[in-house]
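An overview of the molecular structure
This is what each chain is made of:
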Amino acid sequence: MNGKGTQQRPFPVDELSRAVRLEIAAELRADGDGEKVSLSAGRRVGGDGETREYLFSCRAWKQSLAGEKLLIRGSRSRASWERAEVTRMQDGKVKVRTGADLGSEPFNAQLRKDETAGLESMIDRLEGASGSDNSPVNLTTAGWLLGAGKPRLARCTTPGDFIRDYRDRRLNAAQRQAIEQALGSDLTFIWGPPGTGKTDVVAAIAEGCYRQQLRVLFLAPTKVAVDQALERICDLLSGEETFGEGLVQRAGEIELPSLAAKFGDQIDPARIAGRMSEEVTVQIAAARERLEANREILAVHTEAERVGEDLRTASAQRDDAGRRIMTVQGQLRASRSALADIERQMRELGVPSGMFAKRKQAKLDDLGRAHWEHRNTLATLDQHLSDARAAHQHHASRTGALEREFTILRDQVRTIPAPGPVRKASDLLRQQLTALEQKLQKITEAVRKNCRVLGTTVAKAVQSRKLLDSTDVVIIDEAGMVNLPSAWCAAGLASRRVIVAGDFRQLPAVTRASGDREATPQDKDHAKLWMDRDAFATAGLVDAAGSARRDDPRMVCLDTQYRMRPAICDVVNVVAYPDSPLRSGRDDQSRLPSSPLLDSPLILVDTAPRRLSYGAHTTNSVHEAVIHELIRGLQYDDVLPARKWHDQRPTDRMAVIAPYKDQVRALRGSLQYRFGQDYEGLVDTVHRFQGSQRPLVVIDTVAGAGGKLGYFYEHTGLASHTCRLLNVALSRAQDHLIVVADTQFLHAKLSPASEAGRMLDHLERHARSLPVDDLVPFRSAGDLAGLADDELARPAFFPADEVPRAVEWDLDRARGSIDVFCAFLDPQPVKKWLARLAPRIQAGVRVTVHTRDQSEDPRRAALVRDLEGAGCQVTVRDRMHEKVLIIDDNVLWHGSLNLLANIGPTDLMMRITDPTACRRVRHIVEHARMERPARQWRPGPPAGAEAGSGVVVDGSRYIRVPYDDREAFKQDMRAAGVKYAWDGSRKMWRVDATVPEPLLQRWLPAGEA
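This text gives an overview of the structure that appears in the document. Bear in mind that the values here come from a model prediction, so they are computed numbers and not experimental data.

Turning our attention to the nonpolar core. Grouped burial of nonpolar side chains is what soluble globular proteins tend to show. Grouped together as the largest cluster of nonpolar side chains are 144 residues, with contacts concentrated most on Phe189, Trp488, Phe536, Met555, Met654 and Leu737. Broken down by element, the residue count for this core peaks at seven residues, all from helix 17 (residues 621-636). In this structure Leu737 touches Ile568, Val571, Pro601, Leu602, Ile603, Val697, Ile699 and Leu730, once residues within four positions along its chain are discounted. Ranked by size, the runner-up nonpolar core spans 45 residues in total, among them Ile179, Val202, Ala203 and Tyr210.

Rendered as structure tokens:
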């Protein structure tokens, strides 16, 4: 129901609206992927019952959030984000108005961009859909995406009438079929795998539709995808007579530099209108300038009038205060005189005695009361006199200031025109300005009416009221990345024809609801059905397993690719197109300079022999070092530019793709060092490379350092995210594809039948193997002394038995600082390495040992005292696990190096000379310190305070656990989902007092359990 009587909404409006609302709820519960601003020291400063107002400090405001709709929630909170109105104050503080209850003094909070605004607009469009003429959605064309209706399917027999030089164009049979079917049908689906020329096809279709006298709305999910296709369309239509008047236009910001450079002036509506209305624009600017000058003149007159009036008021108040002073002074004199007279009479009466004593006493009593009243009157009058004098001084001071200000303004007024004529001139200017703006608006409208092909994003089209006066044809490119509600609304903008182009085996739409942990199973299933599926799936062209129904007459399949060398195409087919393999239509020659490192289209660098197992699965320092050294070699061979070259950018030839953001950040820092600066688009996750291509692509599989594969590899099947992500990553390569992988680890974790497993098997059989030792050398400690500086700076592996001597060599050469990260301490290694560190400390080197709290163990606590006694700084970090050595913030050792514990290096260690890597490790350490929820820490107990095991103090229950049982206690708490913390001042563990006692029974004293 829609709330208007019992009218039923047309199918599938309710289903789609529910899916969008689920997406909004999931987005508000999610952490968010964009930039965030941290707020601190908050306090509530106002608000009514529903809206609260807070004031926060902000140390690092992000200008990218200025003017955006924002969300807020407490830092580290898991609650949903709430919408907020945010104002940045001049002093840098941030005022927030929100419905969220953050408490009276919120310790800190975060802001991020509200990504739900577009979804809210989509709901408005969906719920406005009806069968009426003014419906924002054409139910017929929108319904075609769900398999409804009977759209006409035909093939244009005269494509040459609508596409210039059609017969001479280099198009294969499938591309021609797609173009001709699109020009002759109401509905056409074009399946365009990577490199198959889909963009050329949709550009030709747009050209043909234009020449069929149809208005075309071209849509894609990203700005870059819109711009890439629009550039091709402009190439085809730039010869048209009206091209410069807005024949093709771009709604929204142009992101592709080449499109902006070649056609920006011809397709940007504002620039077109500006060019066509240059004279009017000059007149408007002149009128506004004169009007502003008149406003300044009138402002001086107005200010002079205000100051003059204020001066008169202040003068009158000063004079009133003066008269009040004189009046009060007269009253004081009269009151003092009366008081003196009373005192005289009291003296004359004297002490009552004799036969008239009672009469005299009564008289004295009356005089005493009068005396008391007059004294009170004197005190009151004294206060009045003081107030009157203060008022007189204030008004006299203000009068003086206003007189000075008025004198200045009066002199200014004498030099400018009188206000009357200026006001008349301003009225006339406003009339002229209105007429000019109306004239300019007509030009803008004329530019809008000139548009025959409009390109914009799907989101803008769905959220805007009306981009074109009428839309005959809608082309949705990269439709596999468009969620169903958006695709349905977009198709419903067309009145005659819909073309859907894309690849349902490349990246899907980014959605959240189907994976929302707080959603019900029914809501997740609904989101999968009505939000996650793309137009190919809803039209019945792809089954649940991802297999295509190639024989469906609505769909044309492009099957020849021109991007990848045949060997690269083969691995893409193995992963993503086993049922519909692509043919190669390009040669097998590389366009890059020759290099021994690139002697094959497919290259596999197997890092299994040099695996360092530690840390999270989202980073791999061995792979980072391999890629760093690979690029060093390619720079040496002039394949890639060296540091700070100006005539070539590395992004012209190479892309490095990693599945996880943590590894991307690490690689960016490393490659910034190699190239001398950070290049946008050189290293990123798979999603950022959709729609692009490079001669050389390096794929870092990352897996191997941690204990699990990670979400990137979790799914199987042609419709899975893993298949789509691998497809996009592999198919970006034109000439050379290098895959860095720990094959042994992947084989142990992957199913051989999975897409990733098939890729690995194919690479091992067909790719040229590049040994990891050819890139990152395997060295002994004795090698270090004989190496040149450039060789010493290279990453290198060391076997476990060579690590101690190599570390000694580095320690002996430390000049500024040594940082040892070691969770545990043992007597023998502490004694051994302290003997090595002591001379460096005496030489002025700062030595810092980062370790866990060792106070529970008297033996290890004594080792801490030994270290401090030798001059080491000891930093205590709870729950630390890092095993790292940093020397002079330049040399980094990591792997299994517990330098000060009996569990020393047990396998390979890697030595890296890279300040960026050292800084990154420090950042990771600092970040780990903030993993706990941000809150104000509870102060330790006051001196003498005692709390026995099981006792509740300040909302926490304290539990004493024997040292040998501490790990069992932690396991019990984690299994029960109970948060715990060590209270060093009480030497006991602390849990929330609300935790049910049965969960703690094993650890409570017998009398408490």
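From this point, things continue past the structure.
It is worth spelling out helix 9 (residues 278-349) at this point. Counted at 1.5 Å a residue, the expected span for helix 9 with its 72 residues is 106 Å, and the 104 Å between its end C-alpha atoms agrees. At the C-terminal side of helix 9, Gly350 shows a positive phi close to 65 degrees.

Strand pairing in a sheet relies on backbone hydrogen bonds. The paired strands run either parallel or antiparallel. Reading across from one edge, 18-17-19-20-16-21 is the order of the six strands in this open sheet, with parallel pairing throughout. Either end of the sheet is taken by a strand with one partner, and the two such strands are strand 18 (683-684) and strand 21 (768-769). When strand 16 (residues 602-606) meets strand 21, the two strands line up parallel, connected through two bridges. Its bridge partner lying in strand 21, Leu604 is registered against Ser769. Running over the sheet, helix 19 (residues 721-730) touches strand 17 (654-657), strand 19 (694-700) and strand 20 (733-741) and is turned about 140 degrees from strand 19.

Here we come to the packing of helix 7 (residues 257-267) against helix 8 (residues 269-276). At a minimum axis separation of 6 Å, helix 7 and helix 8 run at an interaxial angle of 60 degrees. The angle between helix 7 and helix 8 places the two elements in the oblique class. Touching Ala260, Gly264, Asp265, Gln266 and Ile267 of helix 7 are Pro269, Arg271, Ile272 and Arg275, all from helix 8. The residue inventory of the contact of helix 7 with helix 8, partitioned by class, reads four nonpolar, two polar and three charged.

We now examine the pairing of strand 23 (residues 817-821). Taken residue by residue, a regular strand's side chains alternate between the two faces of the sheet. Taking burial as the measure, the five residues of strand 23 include five buried ones, the bulk of the element. Judged by which residues are buried, strand 23 turns out to be covered on both faces: Ser817, Asp819 and Phe821 on one side and Ile818 and Val820 on the other are all buried. As paired strands, strand 23 and strand 24 (residues 846-851) are joined by five bridges and run parallel to one another. Along strand 24, the bridge assignment pairs Val820 with Val849. A crossover links strand 23 with its parallel partner strand 24, the connecting element being helix 24 (residues 827-842), and its sense is right-handed. Strand direction decides the pairing type here: strand 23 and strand 26 (residues 884-887), joined by four bridges, are antiparallel. Across the sheet, residue Val820 finds its bridge partner in strand 26, namely Leu885.

Put simply, Phe11 and Pro12 share a cis peptide bond, and its omega is 5 degrees. Within the secondary structure, Pro12 sits in the segment before helix 1 (13-29). Positive phi, close to 55 degrees, is recorded for Asp888, a residue that is not glycine. You can call Asp888 partly exposed: its relative accessible area is 27%. For Asp889, which is not a glycine, the phi torsion comes out positive at approximately 50 degrees. Take Asp889: it is sitting in the loop between strand 26 and strand 27 (891-894).

Across all of its chains, the model carries 76 salt bridges by this definition. In this structure, Glu253 and Lys223 form a salt bridge, with 3.9 Å as the shortest nitrogen-oxygen distance. Of the two residues, Glu253 sits in the loop between strand 9 (248-250) and helix 7 while Lys223 sits in helix 6 (residues 223-237), which places them 30 residues apart along the sequence. With relative accessibility at 55%, the residue Glu253 sits in the exposed group. A relative accessible area of 34% means that Lys223 is categorised as partly exposed. Between Glu309 and Arg312 there is a salt bridge whose closest N-O contact spans 2.9 Å. Separated by three residues within a single helix, Glu309 and Arg312 lie in helix 9, roughly one turn from each other. Note on Arg312: relative accessible area 52%, which makes it exposed. When salt bridges that share partners are traced, they join Arg164, Arg169, Glu207, Arg211 and Glu240 into one network.

On to the state of the cysteines, then. Within this structure, the stated rule accounts for zero disulfides. Of all cysteine sulfurs, the one in Cys822 lies closest to Cys918, which takes part in no disulfide; the gap is 18 Å. The buried category is assigned to Cys918, whose relative accessible area is 1%.

Glancing now at the packing of aromatic side chains. The description of an aromatic ring pair rests on the distance of the ring centres and on the angle between the ring planes. Applying the stated criterion to the full structure yields 15 aromatic pairs. The interplanar angle of 45 degrees and the centroid separation of 6.2 Å between the aromatic rings of Trp191 and Tyr577 together place this pair among those described as tilted. A residue pair is termed long-range when its members are at least 10 positions apart, and Trp191 in strand 7 (residues 187-191) and Tyr577 in the loop between helix 16 (566-576) and strand 15 (583-584) qualify at 386 residues. Here the two residues Trp191 and Tyr577 agree in accessibility, since each one is buried. For the pair Phe798 and Trp893, a centre-to-centre distance of 5.0 Å together with 50 degrees between the ring planes defines the contact as tilted. Placement of Phe798 in strand 22 (residues 796-798) and of Trp893 in strand 27 is noted, with a sequence separation of 95 residues between them. Since its relative accessible area comes to 0%, Trp893 is described here as buried. A cation sits over an aromatic face here: Arg112 above Trp81, 4.8 Å from the ring centre. Its end group placed over the ring of Tyr166, Arg176 keeps NZ or CZ at 4.8 Å from the ring centre.

Spatial strand order, 9-10-8-11-12-7-13: seven strands in an open sheet with parallel pairing. Single-partner strands in this sheet number two, and they are strand 9 and strand 13 (555-557). Looking at each pair of strands side by side, their axes are set apart by 15 degrees on average, direction ignored. Its contacts with the sheet place helix 13 (residues 484-491) against strand 8 (216-220), strand 11 (473-476) and strand 12 (497-502), and it is angled at close to 155 degrees to strand 11.

Time to look at the environment of Gly515. With respect to the helices, strands and loops of the structure, Gly515 is situated in the loop between strand 12 and helix 14 (521-532). Residue class for Gly515 comes out exposed when judged on its relative accessible area of 56%. Residues Gly515 and Ala527, spaced twelve residues apart in sequence, show a C-alpha to C-alpha distance of 9.0 Å.

Further remarks concern the pairing of strand 11. A two-sided burial pattern is seen for strand 11, the buried positions comprising Val473 and Ile475 on one face and Val474 and Ile476 on the other. Bridge count for strand 8 against strand 11 is four bridges, and the pairing is parallel. Bridge pairing in strand 11 links Leu217 to Val474. In terms of strand pairing, strand 11 meets strand 12 through four bridges, oriented parallel. Residue pairing for strand 12: Ile475 is matched across the bridge by Ile499.

The next thing to look at is the packing of helix 9 against helix 11 (residues 419-450). At a minimum axis separation of 9 Å, helix 9 and helix 11 run at an interaxial angle of 155 degrees. The orientation of helix 9 with respect to helix 11, classified from their angle, is roughly antiparallel. The two elements helix 9 and helix 11 meet at a crossing, and its hand is left-handed. Its residues placed into classes, the contact of helix 9 with helix 11 shows 14 nonpolar, six polar and six charged.

What counts and how
- Each residue is numbered by its place in its chain's sequence as written, counting from 1.
- With the structure being a predicted model, the display of local features is reserved for residues of pLDDT at least 70 and the display and counting of side-chain atom pairs for 80 or more, all residues being used for whole-chain, interface and lining totals.
- As a rule here, side-chain values come from all non-hydrogen atoms in the structure, and water together with hydrogens is ignored.
- Residues grouped as a nonpolar core are buried Ala, Val, Leu, Ile, Met, Phe, Trp, Tyr and Cys residues, joined through side-chain atoms within 4.5 Å.
- The buried label applies to any residue whose accessible area, calculated with a 1.4 Å probe on protein chains only, is under 20% of its type's maximum; exposed applies above 50%, and partly exposed to all values in between.
- Numbered from the N terminus, helices here are DSSP runs of H or I no shorter than four residues, and strands are runs of E no shorter than two.
- Whether two residues touch is decided by their heavy atoms; if any such pair falls within 4.5 Å, the residues are in contact.
- Multiplying 1.5 Å by the helix residue count minus one yields the expected span of that helix.
- Strands are treated as partners if at least two bridges between them are detected by DSSP.
- For helices, the fitted axis covers only the stretch in contact; all axes are lines through C-alpha atoms, and the angles between them, taken along N-to-C directions, range from 0 to 180 degrees.
- These descriptions rest on fixed angle ranges, namely under 35 degrees for roughly parallel, over 145 for roughly antiparallel, 65 to 115 for roughly perpendicular, and the rest for oblique.
- Ten residues, namely Ala, Val, Leu, Ile, Met, Phe, Trp, Tyr, Cys and Pro, are considered nonpolar, four, namely Asp, Glu, Lys and Arg, are considered charged, and the remaining ones, Gly among them, are considered polar.
- With strands facing away from the observer, any crossover in which the path from the first strand over the helix to the second runs clockwise is taken as right-handed.
- Note on definitions: salt bridges are taken to be side-chain nitrogens of Lys or Arg within 4 Å of carboxyl oxygens of Asp or Glu.
- Disulfides are defined as pairs of cysteine sulfur atoms found within 2.5 Å of each other.
- Note on aromatic contacts: the rings of Phe and Tyr and the six-membered ring of Trp form a pair at centre separations within 6.5 Å, being stacked when their planes are under 30 degrees apart, edge-to-face when over 60 apart, and tilted otherwise.
- Lysine NZ or arginine CZ positioned within 6 Å of the ring centre and within 35 degrees of the ring normal marks a charge as sitting over the ring.
- In this scheme, a crossing is called left-handed if the near helix is turned counterclockwise away from the far one by less than a right angle; it is called right-handed if the turn is clockwise.

By themselves these figures say nothing about function.
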